[in-house]
Amino acid sequence: MAIFNSPKDIRIFVKNDRMDFFSTNKRLGILGGGQLGKMLLYNTRKWDIKTYVLDSSDYAPARLACDEFVKGDLMNYQDVVDFGEKVDILTIEIENINVKALYYLKKKGVKVYPQPEIIEIIQNKFLQKEFYLKNDIPTSKFDNFSDLEDLKNAISKGDISFPFVWKASKMGYDGYGVSIMKSIKDLESIKNCDCIVEELIHFKNELSVIVARNERGEAKEYPVVEMEFHPTTNQVEYVICPARISKEIEEKAKKVALDVSEKYNHIGLLAVEMFLTETGDILVNEVAPRPHNSGHLTIESSYTSQFEQHIRSILNLPLGNSDNKVSGVMVNLVGMEDHTGPVIYKNIDKILAIKGVTPHIYGKKETRPHRKMGHVSIVNENLNKARQIAEQVKSIIKVISK
């Protein structure tokens, strides 16, 4: 942790670290132009940091807020290399990136945060689980399978029994590529791909802790949040902060998250998703090396938002205060069933009339069922009141198509 004993110490820090990104021609590149990229740019605009964004869509939400937008495929080696060679520091807002290109750019002197070796592990759920085992990080039991036939053979031999959690090893996100298998018939609905099968955990709560880390090893964690998921889509519906757990469980969750962060030795943010079991154990589910849905509420509720903290981390700046200013709840805004096409946010004026309510619209022009289109933060000194208002907000606002 940086400790400044005198103005001279501060001058030395400014000279030796990355303060020179402020109002200069140094370039920060962001791989991905979705809502996370857009919210990262709130802070680069505030600090006048020159930004480049790479995304495959002409209508990427981050396009309007960056200094230069480049259209390209995040999984294409040459697209990522050509983009990365334009910038001084490269970061991500999504894990599905051509990691070989990141290794090349790192070798050529581009600062890549989070580091390619971390992204490579996190891209593959089997490698993630292996990492936890090797580093004595508590997690659920699992098996790895090369394809659907391999899994079916294990079931027929009695090596695997229902129910279990099936996860595609690669390219899963926001509940996609994850299913609970209760019978052989359920296997008809999943992809034929590399996968892992996890023990179905009977848990009390799903928790998340976001940890920030910079080059000097300074680390700060955010308060533990509690996540409530949609029962069928497996998407987060509500994020509640602080989590409604005991002090003992809170400290245990933070300790596990900090241990995971230390073992990865990442630079930037790491969101650690965990299960709290019926017996009071904490098991790590998955991690994300970037700003995360469970941290959106920090824009309104924390002294330093997760997005500002990520920028501080990758530029090796002093980390900000991660404490809460106020309690709150976040509601995800997703496209309603049977609505596909140009988006309309029905009744948004009504939720704006409610005290403590702040909507964030991501700028995606087309809606479809369950697509993340925005979120709403509700802050209140009384957490129970915030949760009640969140339920009210969700019942009022509707994401529909024209």
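Everything discussed here concerns the structure shown above.
Residues numbered from 1 in each chain as written. Predicted model: local features only at pLDDT ≥ 70, side-chain atom pairs only at ≥ 80, totals over all residues. Heavy atoms only, no water.

A. Fine view of the sheet that holds strand β1 (residues 27–31). With parallel pairing, the 5 strands of this open sheet are ordered in space as β3-β2-β1-β4-β5. At either end of the open sheet lies a strand with only one pairing partner, and these are β3 (68–71) and β5 (111–112). Of the pairings in the sheet, the one linking strand β4 (residues 89–92) to β5 comprises 2 bridges and is parallel in character. When the bridges of β5 are listed, Ile-89 appears paired with Lys-111. (Pairing = 2+ DSSP bridges. Helix = DSSP H or I, 4+ residues; strand = E, 2+ residues; numbered from the N terminus.)

B. Helix α5 (residues 116–123), seen in detail. Residues Pro-116, Ile-118, Ile-119, Ile-122 and Gln-123 constitute the buried set of α5. One face of α5 carries all of its buried residues, which in axial projection span an arc of 155°. (Buried < 20%, exposed > 50% of the residue type's maximum accessible area, 1.4 Å probe, protein only. Arc of directions from axis to C-beta.)

C. A look at the side chain of Glu-95. Assignment of secondary structure puts Glu-95 in the loop between β4 and α4 (99–107). Within the structure, the side chain of Glu-95 is placed 2.5 Å from the side chain of Arg-290, a separation counted as a polar contact. Those residues in contact with Glu-95 that lie beyond four places of it in its chain are Ile-119, Ile-122, Gln-123, Val-287, Ala-288, Pro-289 and Arg-290. (Polar contact = N/O pair within 3.5 Å; in protein donor to acceptor, adjacent residues only side chain to side chain. Contact = heavy atoms within 4.5 Å.)

D. How the structure looks around the layout of surface pockets. Space inside the second largest pocket adds up to approximately 340 Å³. As for the second largest pocket, its lining consists of 17 residues, and the residues nearest its centre are Glu-237, Val-334, Gly-335, Met-336 and Lys-394. Elements with a minimum of two residues in the lining of the second largest pocket: β13 (236–241), β16 (328–334) and β21 (398–401). Among the elements that line the lining of the second largest pocket, the one with the most residues is β16, at 4 residues. Along the lines of polarity and charge, the residues of the lining of the second largest pocket split into 7 nonpolar, 6 polar and 4 charged. (1 Å grid on protein atoms, 1.4 Å probe; cavity = no way out; pocket = protein on both sides within 12 Å on 5 of 7 lines; lining within 4 Å. Points joined across faces, edges and corners; volume = space filled by probe spheres on them. Nonpolar A, V, L, I, M, F, W, Y, C, P; charged D, E, K, R; others polar.)

Without other data, these values stay purely geometric and don't point to any function.
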